[in-house]
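# Structural description and commentary
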Number of protein chains: 2
Amino acid sequence: MRLALLGCGTVGAEVVRLLHEQAADLTARVGAPIEIAGIAVRRMGRDRGPLPVDPALFTTDALGLVKRDDVDVVVEVVGGIEPARTWLVEALRSGKSAVTANKALLAEDGGSLHDAAAEGQADLYYEAAVAGAIPLLRPLRESLHGDRITRVTGIVNGTTNFILSAMDATGAGFTEALEEATELGYAEADPTADVEGFDAAAKAAILASLAFHSRVTAADVHREGITGVTAADVASAKAMGCTIKLLCIASRGPDSTGADSVSVRVHPAMIPRTHPLASVGDAFNAVFVEAEAAGQLMFYGRGAGGSPTASAVLGDIVAVARNRLAGVRAPSESVYADLPVRPMGEAVTRYHISLDVADRAGVLATVAGVFAKRDVSIATVRQSGRADDASLVVVTHGAPEAALAATVEELRGLDIVRSIASVLRVEGGA
Amino acid sequence: MRLALLGCGTVGAEVVRLLHEQAADLTARVGAPIEIAGIAVRRMGRDRGPLPVDPALFTTDALGLVKRDDVDVVVEVVGGIEPARTWLVEALRSGKSAVTANKALLAEDGGSLHDAAAEGQADLYYEAAVAGAIPLLRPLRESLHGDRITRVTGIVNGTTNFILSAMDATGAGFTEALEEATELGYAEADPTADVEGFDAAAKAAILASLAFHSRVTAADVHREGITGVTAADVASAKAMGCTIKLLCIASRGPDSTGADSVSVRVHPAMIPRTHPLASVGDAFNAVFVEAEAAGQLMFYGRGAGGSPTASAVLGDIVAVARNRLAGVRAPSESVYADLPVRPMGEAVTRYHISLDVADRAGVLATVAGVFAKRDVSIATVRQSGRADDASLVVVTHGAPEAALAATVEELRGLDIVRSIASVLRVEGGA
């Protein structure tokens, strides 16, 4: 079983090391030895530390390596849309198995890869693309195939979870917590992809596609990052017995016309501290799955890092290698349900709104009227303070996002509302 | 794709219902409709509620049903060793795929089933046998195959977890908590299999076999139940920032001669409240997996109940049906590592020991000497009280179980030790 490795950064080097260290076990599990046919890198000279591999295997001609006849499996750990897509499509079309950790490519244009896999009757595996080492995609693709998944709620970005956990623990603001994360190596020099939710949105698209047997792309995902989360928001959440997490939420349900559809979004939200996701700290990832028969499930583990990601890549390598030896391929992309993605305005969410208001008779009645006008039902309201200090905290029941957003807009315009201190979505509650 | 269902109790009836309700989805996922060829039951007359199935499909001749030429897949949800073994062996030998939830049979004599599957080149799936709906076996069998699992720590019995959670929450004793569990339907009329750890031990054997690529049977598992856990134990654990859980622990490591081996045990243990397993409450199950590259993973969900178990059974039915249509079978039993199981005396554990002692000078020195004699290193010691009330709480570092047990025995014989109030193992700590 001969393997072309595209990319030799942190993950790639770890894959090389594990292939070497566990060669005997892997041979026993696959039924044949796995050999590296070549390793494509951008620059030949770079110091990659001591790797247990013949230096002659390195090449800068990735496409040439992919096309070689003696390559059975192509493993892509470069990332980015191009040239990774060209390489993978070439590999799959020509019947080679492909393993990739490339969430951005899968979320933006997974269709091209799946189509190429169908054309070449080849295997496409990508367990490492979502939640690193956590075996998640295979359970979704296979174990739960006898069930109907209704909702997937995940903490799928370690950087933002580290930042929000730090803010929760110390009361620090976003900027301060981001600095700490950068110092400790949990955030990249340019943290945009993480803190603005792009990384989580890509994973949300992949999860939604698998869970709901439909093609969902990154463009379908409503995305909000955590840069707007303040220390005051975190304190508000604490006062409610909640914590703030950046969640990716994919759910199945009726749209405004009653038709079956999918909603996929990434945004910060308050969840009760008693929720299993609330205790997922530091840079850990976890994905909470709700299915009709199975009930609530959670998968937890390390979502990033060289070793955990390499573990997932190696699991996939073993699977595709076994399939090749058996002369079979895994079930192909399952998109038979072909559900539409409904717009964010139709997503049903709950809001926690903190208002500074004038301490006047009738304020609560006026505020409540604004909610009622849009059919937004209030779950709890807390009024406190006196004179210039009066504040109202309103938590709604579930309502369409559009109605909630419009309600907040109208509240903002009322002269009895001095300011809106915090607006947060609430998830995972009863 | 024609299916013989053996057993139509809670799980079987739910399988029938789900096959009916989700027929269109299942057909799309499998690529062919799944039909029920027959349902074997012990008694024909029993009221099974309204089932969406032709009454003519029921039979009391299970073996006859299994042997029918028009049956492709046999699903066994009867439980127990015989006659389930005879039926499954017959099915597998003749090349039919088998799906079973029978943990007792798999743990006692899984070898017979795997051998029959190899003989008939047939698929044997049993996701529902451990931790109900939690997709766990497939990740162990497949996703982590590129990694080396070092330890599996699980809460795999819902009844005992409900009882221990209640004792922790209310301070109730074991008997009282068991009564509550029985009333609420979480414990059976005869709770022996659960509270004495037999059920957890069967699951431990199955998990260890998969994790370590070796055949481990129930007889290899050291087993202690929770009937000896007292309210005082629970209080001691709380004082240490811990909670008590019935854990199944399967670990890989050197035996006393340094040879690679496996240790498998089921017993109550204190774990820190900060450990991910500590927050697994009520009747939920969770399995914590440690692997060299992947790091720490946890799988959480409902471990029992008709719907969750049926979800796992249906996932397996879809998998074996797809394999049959593709003309392939899943990787067979992986036992190449063939590791020996080391005796409990060689398992490395930690003890928490609570002693009532005479308040005399030199007591601590004498007690410490008993630990030192057997090379058991003390992590912390807490001395409190005065006169007749003096007590010592000792927590050890990791040491072989045999040395720890002998230490406790010697302490029990000391005249300065009035009584040993509590001995508990400690797991999941630093």
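Residues numbered from 1 in each chain as written. Chains lettered and ligands numbered in written order. Predicted model: local features only at pLDDT ≥ 70, side-chain atom pairs only at ≥ 80, totals over all residues. Heavy atoms only, no water.

### Comments concerning the interface of chain A and chain B
- Chain A puts 44 residues into the contact, and the matching count from chain B is 45 residues.
- For the chain A and chain B pair, buried surface summed over both sides reaches about 4000 Å², with 53% attributable to carbon and sulfur atoms.
- Counting the surface chain A buries against chain B, the share from its top three residues, Arg-29, Tyr-300 and Tyr-336 of chain A, is 15%.
- On inspection of chain A and its partner chain B, the count reaches four salt bridges.
- At the junction of chain A with chain B, the criterion picks out 18 residue pairs in polar contact (both at pLDDT 80 or more).
- Class assignment of the residues belonging to the side of chain A that touches chain B gives a composition of 22 nonpolar, 11 polar and 11 charged.
- The pairing of strand 12 (residues 295-302) of chain A with strand 12 (residues 295-302) of chain B spans five bridges and is classified as antiparallel. Of the residues in strand 12 of chain B, the one forming a bridge with Gly-301 of chain A is Leu-297 of chain B. (Contact = heavy atoms within 4.5 Å. Buried area = accessible area lost by both parts, 1.4 Å probe. Salt bridge = Lys/Arg side-chain N within 4 Å of Asp/Glu carboxyl O. Polar contact = N/O pair within 3.5 Å; in protein donor to acceptor, adjacent residues only side chain to side chain. Nonpolar A, V, L, I, M, F, W, Y, C, P; charged D, E, K, R; others polar. Pairing = 2+ DSSP bridges. Helix = DSSP H or I, 4+ residues; strand = E, 2+ residues; numbered from the N terminus.)

### A few points about helix 11 (residues 231-239) of chain A
All names here are of chain A.
- Those residues of helix 11 that sit buried are Asp-233, Val-234, Ser-236 and Ala-237. In an axial view of helix 11, the angular spread of the buried residues amounts to 160°, which keeps them on one side of the axis.
- Two residues or fewer past helix 11, Gly-241 is found with a positive phi of approximately 75°. (Buried < 20%, exposed > 50% of the residue type's maximum accessible area, 1.4 Å probe, protein only. Arc of directions from axis to C-beta.)

### What about the relation of the copies chain A and chain B?
- With an axial shift of 0.0 Å and an RMSD of 0.0 Å, the rotation relating chain A to chain B amounts to 180°. Read as a symmetry element, the transformation amounts to a two-fold axis. For chain A, the residue whose C-alpha comes nearest the rotation axis is Phe-299 of chain A, separated from it by 2.4 Å.
- Residue by residue, 100% of the interface of chain A is reproduced at the interface of chain B, so both copies engage with the same surface. (Least-squares fit on C-alpha atoms with pLDDT ≥ 70 in both.)

### As for the domain arrangement of chain A
Residues and elements named next belong to chain A.
- By the assigned domains, chain A splits into domain 1 (2-132 + 306-326), domain 2 (137-302) and domain 3 (347-426).
- Every contact between the two is made by 12 residues of domain 2 and, on the other side, 12 residues of domain 3.
- Carbon and sulfur atoms supply 60% of the area that domain 2 and domain 3 bury against each other, a total of about 980 Å² over both sides.
- Counting the contacts that link domain 2 with domain 3 gives one salt bridge.
- Across the pair Arg-425 and Glu-224 runs a salt bridge, and its minimum N-O distance is 2.8 Å.
- For the pair domain 2 and domain 3, the number of links is three residue pairs in polar contact (both at pLDDT 80 or more).
- Ranked by residues supplied to the side of domain 2 that touches domain 3, first place goes to strand 10 (residues 260-272) with six residues. (Domains from an automatic or database assignment.)

### Some remarks on the pairing of strand 4 (residues 73-76) of chain B
Residues and elements named next belong to chain B.
- Covered by surrounding structure in strand 4 are Val-73 and Val-75 together with Val-74 and Glu-76, the residues of both alternating faces.
- Pairing analysis gives four bridges linking strand 1 (residues 2-6) to strand 4, with the strands arranged parallel. Bridging across to strand 4, Leu-3 finds its partner in Val-73.
- In terms of strand pairing, strand 4 meets strand 5 (residues 97-100) through four bridges, oriented parallel. Residue pairing in the sheet places Val-74 in a bridge with Ala-98 of strand 5.
- On the question of chirality, the crossover connecting strand 4 to the parallel strand 5 by way of helix 4 (residues 84-93) is right-handed. (Right-handed = clockwise from strand over helix to strand, strands pointing away.)

### A short note on the sheet that holds strand 1 (residues 2-6) of chain A
Residue and element names in this part refer to chain A.
- Strand order across the open sheet formed by six strands is 3-2-1-4-5-6, with parallel pairing between neighbours. Strands with a single pairing partner mark the edges of an open sheet, and in this sheet they are strand 3 (58-59) and strand 6 (124-125).
- Relative to strand 3, strand 2 (residues 35-40) is paired through two bridges, and the arrangement is parallel. The partner of Ile-39 across the bridge, within strand 3, is Phe-58.
- On top of the sheet, helix 1 (residues 10-21) reaches strand 1 and strand 2; it is set at about 155° to strand 1, its chief contact. (Axes fitted to C-alpha atoms, helices over the stretch in contact; angles between N-to-C directions.)

### Things to note about the environment of Thr-349 of chain B
Residues and elements named next belong to chain B.
- Checked against the element boundaries, Thr-349 lands in strand 13 (residues 348-357).
- The sequence separation of Thr-349 and Leu-404 amounts to 55 residues, and the corresponding C-alpha distance is 8.2 Å.
- Discounting chain neighbours no more than four positions away, the residues touching Thr-349 are Arg-265, His-397, Gly-398, Ala-399, Glu-401, Leu-404, Arg-425 and Glu-427.
- In this structure the side chain of Thr-349 is engaged in a polar contact, spanning 3.1 Å, whose partner is the side chain of Glu-401.

### As for the state of the cysteines
Residues and elements named next belong to chain B.
- Applying the stated rule across the entire model yields zero disulfides over all chains.
- Here Cys-248 is not cross-linked by a disulfide; its sulfur's nearest cysteine counterpart is in Cys-242, at 19 Å.
- Using a relative accessible area of 3% as the deciding quantity, one classes Cys-248 as buried. (Disulfide = S-S within 2.5 Å.)

### Examining the packing of aromatic side chains
- On inspection of all chains with the given rule, the structure shows five aromatic pairs over all chains.
- Relative to Phe-299 of chain B, the ring of Phe-299 of chain A lies with its centre 6.0 Å away and its plane at 80°, an arrangement referred to as edge-to-face. With Phe-299 of chain A in strand 12 and Phe-299 of chain B in strand 12, this pair bridges two chains.
- In this structure, Arg-223 of chain A is placed above the aromatic ring of Phe-198 of chain A, and the distance from its NZ or CZ to the ring centre is 3.8 Å. (Phe/Tyr/Trp six-rings, centres within 6.5 Å; stacked < 30°, edge-to-face > 60°. Lys NZ or Arg CZ within 6 Å of the ring centre and 35° of its normal.)

### Details of the side chain of His-275 of chain B
Residue and element names in this part refer to chain B.
- With respect to the element layout, His-275 can be found in the loop between strand 10 (260-272) and strand 11 (284-291).
- Residue classification places His-275 among the buried positions, given a relative accessible area of 11%.
- With residues near it in sequence (within four places) discarded, His-275 still touches Phe-288 and Gly-428.

### Things to note about the environment of Val-152 of chain A
Residues and elements named next belong to chain A.
- For Val-152, the position within the fold is in strand 7 (residues 149-155).
- Owing to a relative accessible area of 1%, Val-152 belongs among the buried residues under this scheme.
- Taking the C-alpha atoms as reference points, Val-152 and Arg-252, separated by 100 residues in sequence, lie 9.2 Å from one another.

### Some remarks on the sheet that holds strand 4 of chain B
Residues and elements named next belong to chain B.
- Across the sheet, six strands lie side by side as 3-2-1-4-5-6; this open sheet has parallel pairing. Of all the strands in the sheet, the pair left with one neighbour each is strand 3 (58-59) and strand 6 (124-125).
- In terms of strand pairing, strand 5 meets strand 6 through two bridges, oriented parallel. Bridge pairing in strand 6 links Ala-98 to Leu-124.
- Set on the sheet, helix 12 (residues 306-326) makes contact with strand 1, strand 4, strand 5 and strand 6; between it and strand 5 the angle comes to about 170°.

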